[in-house]
Amino acid sequence: MKTKYIFITGGVASSLGKGIISASLGKLLQARGYKITIQKFDPYINIDPGTLNPYEHGECYVTADGMETDLDLGHYERFTGIETTRDNSVTTGKIYLSVIEKERKGDYLGKTIQVVPHITDEIKRRIRLNASKEDFDFVITEIGGTIGDIESQPFLEAIRQLRWELGSENSLNVHLTYVPYLAAAGELKTKPTQTSVKQIQGLGIQPEVLVLRTEHELSADLKAKVAHFCNVDVKAVIQSQDLPSIYEVPVNMQQQGFDEVILTKMGITPGEKPPLGPWRNFLERRKNATKEIHIGLVGKYDLQDAYKSILESLAHAGVYNDRKVKVKFINSEKITKDNVFEQLDGMSGIVICPGFGQRGIEGKIIAAEYTRKNNIPTFGICLGMQMMVVEFARNVLGYADADSSEMNPSTSHNVIDIMEEQKNITQMGGTMRLGAYECELLKGSRTWQAYGEKSLIKERHRHRYEFNNKFLQEFEANGMICSGKNPGTGLVEIVEIPSHKWYIGTQFHPEYSSTVLNPHPLFLSFIKTCIYGTVEA
Ligand code: GLN
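The present account deals with the structure reproduced in this document. (Residues numbered from 1 in each chain as written. Predicted model: local features only at pLDDT ≥ 70, side-chain atom pairs only at ≥ 80, totals over all residues. Heavy atoms only, no water.)

Focus on the overall build of the protein
Heads up, the condition is: In this text, helices come from DSSP runs of H or I with a minimum length of four residues, and strands from runs of E with a minimum of two, each type numbered from the N-terminal end. We compute the radius of gyration over the C-alpha atoms and compare it with the globule rule, which gives 2.2 Å times the number of residues raised to the power 0.38. Buried residues are those whose accessible area, probed at 1.4 Å on protein chains only, stays under 20% of the maximum for their type, while exposed residues exceed 50% and partly exposed ones sit between those limits.
When helices and strands are counted, the protein shows 18 helices and 23 strands. For 537 residues, the compact-globule formula gives about 24 Å, and the C-alpha radius of gyration of the protein, at 25 Å, lands near that figure. Taken over the C-alpha atoms alone, the protein extends approximately 75 × 60 × 45 Å along its principal axes. With 537 residues in all, the protein has 58% of them scored as buried.

Here you go:
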């Protein structure tokens, strides 16, 4: 089958859930046996979101091949279970960078370089890049931002051209809008949708399918009105109403015939609706998991999106342990020796979050000490693991000045230190240890058990600093062992305290690879221990 391209655009407002709609569509097509990939094109100028503050853009997600990307790629992977790659995340910055590099090399032979055709050609090339390497039936491309944004224009122009070149059976546009409810008038309003569709039509793109985000059920009349004003079939007006969980969206979209409308428009007879059995089982189990388990998230960002993948991984692990995970954000800047008991009170376990820089680290260290001494299950991720190590060095090994050289470059007990290869790097973007690396597990360790007694695993990284092996023997002699190391370099990837219920820190980010149908083994084992006090239950 020739690759078919589906573009997902948004209008009226941002944050309407284009990422979830894209991921859901991917899931539905995948369930019909199609080979799919989902990619995100972001109109901002940063080369990648790696240098962006999580307050601006939420979590930075990392692909197995080491690209720092938008958090929507996390949704794509969690929904479809298909790994994305560096070519699934493109920004204006990346587009311009390659055009400028080509210009400097002289590839354009004296031509004036312009937005049209050079930038738009590069966007089109990138849109087709994944399919030029692998045979995909469908490539779903989500365009970040909204169609009115100045910076979106080259992307929309590229889509317009591409649709023309590909023909109507091989390309399609799904446009997502918002239908506000005016409480005073008691009415849902379609005008913003009409205006948004007019705007995208003005750019030469006629959406074939409209997804209307709404807080209230849309009547048949309202859908007919939208269809009438926007040149789409009534059947192609789909509502996206707020649901109890994002994971219900694929099922809800399927019920409305979202994938069927798309397939039909692209010249394919849809056939039977796939049953989505395992997915529905997950939803059923989720619904029945009413008993709660309380987990404290110790980190410096008190905003949901900053720890998106961790929250989702905890939720997955909760469902498979028949529990509803209630997460309490515990701002690490506010944790002191005096209040740590209160702050962590009622938590069955804590996660010490990743991060960069000084802010809030003392609170992480205090939390790590408290849970170590009180045998409370603790999961340290990246910086969280590093702070577990620093705490152990200070309070068990007795090195009061122990630190990570990220925080104190002159400490004589640099138990976490910068890697040799990182020392001379001055550029910030894309220069960390990024992407999946192998890790050899220590037989008999808790981590090894959690991973189903596998000897070799692969997990994704995003950091500059590492456990300093100079101190390893001393740590191990005093009860904190290395239970996972990189087979090539000997770098410590996992530490654990075997005498503790569950005290594990990973230098990598397990949260990037937990999916709905494949929850992550470490999160499963962590939550299980939080519930029963042991994994043997
Ligand atoms: N700041 C630490 C480092 O660079 C940890 C990074 C992280 O938590 N992702 O090594």
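With respect to the packing of helix α5 (residues 115–133) against helix α6 (residues 153–166)
Our working definition: Fitting a line to C-alpha atoms yields each axis, with helices limited to the stretch in contact; the angle taken between N-to-C directions then spans 0 to 180 degrees. Working rule for angles: under 35 degrees goes down as roughly parallel, over 145 as roughly antiparallel, 65 to 115 as roughly perpendicular, anything else as oblique. In this scheme the crossing of two helices becomes right-handed for a clockwise turn of the near helix relative to the far one and left-handed for an anticlockwise turn of less than a right angle. Contact criterion: two residues are considered in contact whenever any of their non-hydrogen atoms come within 4.5 Å of each other. By the convention adopted, Pro, Cys, Tyr, Trp, Phe, Met, Ile, Leu, Val and Ala count as nonpolar, Lys, Arg, Asp and Glu as charged, and the other residues, Gly among them, as polar.
One way to put it is that α5 packs onto α6 with a least axis distance of 9 Å and a crossing angle of 65 degrees. As the angle between them shows, α5 and α6 are arranged roughly perpendicular. Handedness of the crossing formed by α5 with α6: right-handed. Across the interface between the two elements, Val115, Val116, Ile119, Thr120, Asp121, Ile123, Lys124, Ile127 and Arg128 from α5 touch Pro154, Phe155, Glu157, Ala158, Gln161, Leu162, Glu165 and Leu166 from α6. Across the contact of α5 with α6, the residue classes break down as ten nonpolar, two polar and five charged.

Quick notes on the sheet that holds strand β10 (residues 209–214)
Keep this limit in mind: Any two strands with at least two DSSP-identified bridges between them are counted as paired.
Strand order in the open sheet formed by seven strands is β5-β2-β6-β1-β7-β10-β11, and the pairing between neighbours is parallel. Each having just a single partner strand, β5 (89–91) and β11 (237–241) make up the two edges of the open sheet. Averaged over all adjacent pairs, the angle separating strand axes in this sheet is 20 degrees, with direction ignored. Of the strand pairs in this sheet, strand β7 (residues 171–179) and β10 are connected by six bridges, and their pairing is parallel.

Things to note about the site of the ligand
To be explicit about the condition: Residues are labelled near a given molecule or strand when at least one of their non-hydrogen atoms is within 4 Å of it. Polar contacts here mean pairs of N or O atoms no more than 3.5 Å apart (in protein, one a potential hydrogen donor and the other a potential acceptor; neighbouring residues in sequence count only if both atoms are side-chain atoms). A 1.4 Å probe and the Shrake-Rupley method give the accessible areas. Residues count as covered only by the protein chains that appear here.
Neighbouring residues of the ligand: Pro354, Gly355, Phe356, Cys382, Leu383, Gln386, Glu406, Arg462, His463, Arg464, Tyr465 and His509. Within the side chain of glutamate 406, one N or O atom sits 2.7 Å away from a nitrogen atom of the ligand. Within the backbone of arginine 464, one N or O atom sits 3.0 Å away from an oxygen atom of the ligand. With the chains in place, 99% of the 300 Å² that the ligand exposes on its own is no longer accessible. For the shell around the ligand, the secondary-structure elements that each account for two or more residues are α15 (383–395) and β19 (456–463).

Considering the sheet that holds strand β12 (residues 292–299)
Judged by pairing direction, the sheet is mixed, and its nine strands sit side by side in the order β13-β12-β14-β15-β23-β22-β21-β18-β19 without closing on themselves. Where the open sheet ends on each side, the last strands, each with one partner, are β13 (324–331) and β19. Taken pair by pair, the neighbouring strands of this sheet meet at an average axis angle of 30 degrees, ignoring direction. Relative to strand β21 (residues 481–485), strand β18 (residues 433–441) runs antiparallel, the two sharing two bridges. The residue of β21 that forms the bridge with glutamate 440 is lysine 485. Its contacts with the sheet put helix α12 (residues 308–320) on β12, β13, β14 (349–352) and β15 (378–381), and the angle it makes with β13 is roughly 150 degrees.

Examining a nonpolar patch on the surface
Our working rule: Put simply, a patch holds well-exposed residues, over 30% relative accessible area, that have no salt bridge, with like charges counted together within 9 Å and Val, Leu, Ile, Met, Phe, Trp or Tyr side chains within 5 Å. One side-chain nitrogen of Lys or Arg within 4 Å of one carboxyl oxygen of Asp or Glu is enough to make a salt bridge.
On the surface, a nonpolar cluster with roughly 320 Å² of combined accessible area is contributed by Tyr96, Ile100, Val115 and Val116. Counting only elements with at least two residues in the nonpolar patch, the list comes to α4 (92–105) and α5. By the element assignment, isoleucine 100 lies in helix α4.

Examining the nonpolar core
Short version of the rule: Residues belong to a common nonpolar core when they are buried Ala, Val, Leu, Ile, Met, Phe, Trp, Tyr or Cys residues joined through side-chain atoms within 4.5 Å.
Judged by nonpolar contacts, the single largest core of 43 residues is most densely connected at Ile6, Leu29, Phe138, Val174, Val209, Phe258 and Ile262. With six residues, helix α1 (residues 18–31) is the single largest residue contributor to this core. Not counting chain neighbours up to four residues away, the residues in contact with phenylalanine 258 comprise Ile21, Leu25, Leu28, Val174, Val209, Val211, Ile238 and Met253.

What to know about the environment of valine 12
By the element assignment, valine 12 lies in the loop between β1 (4–10) and α1. Other than its neighbours up to four places away in sequence, valine 12 contacts Thr177, Tyr178, Pro192, Thr193 and Ser196.

Let's talk about α15
Selection criterion: Given a helix with a known number of residues, its expected span is that number minus one, times 1.5 Å.
Spanning 13 residues, α15 covers 18 Å between terminal C-alpha atoms, matching the ideal 18 Å at 1.5 Å per step. Where burial is concerned, most of α15 is hidden: twelve out of the 13 residues are buried. Where α15 is concerned, the buried positions are Leu383, Gly384, Met385, Gln386, Met387, Met388, Val389, Val390, Glu391, Phe392, Ala393 and Arg394.

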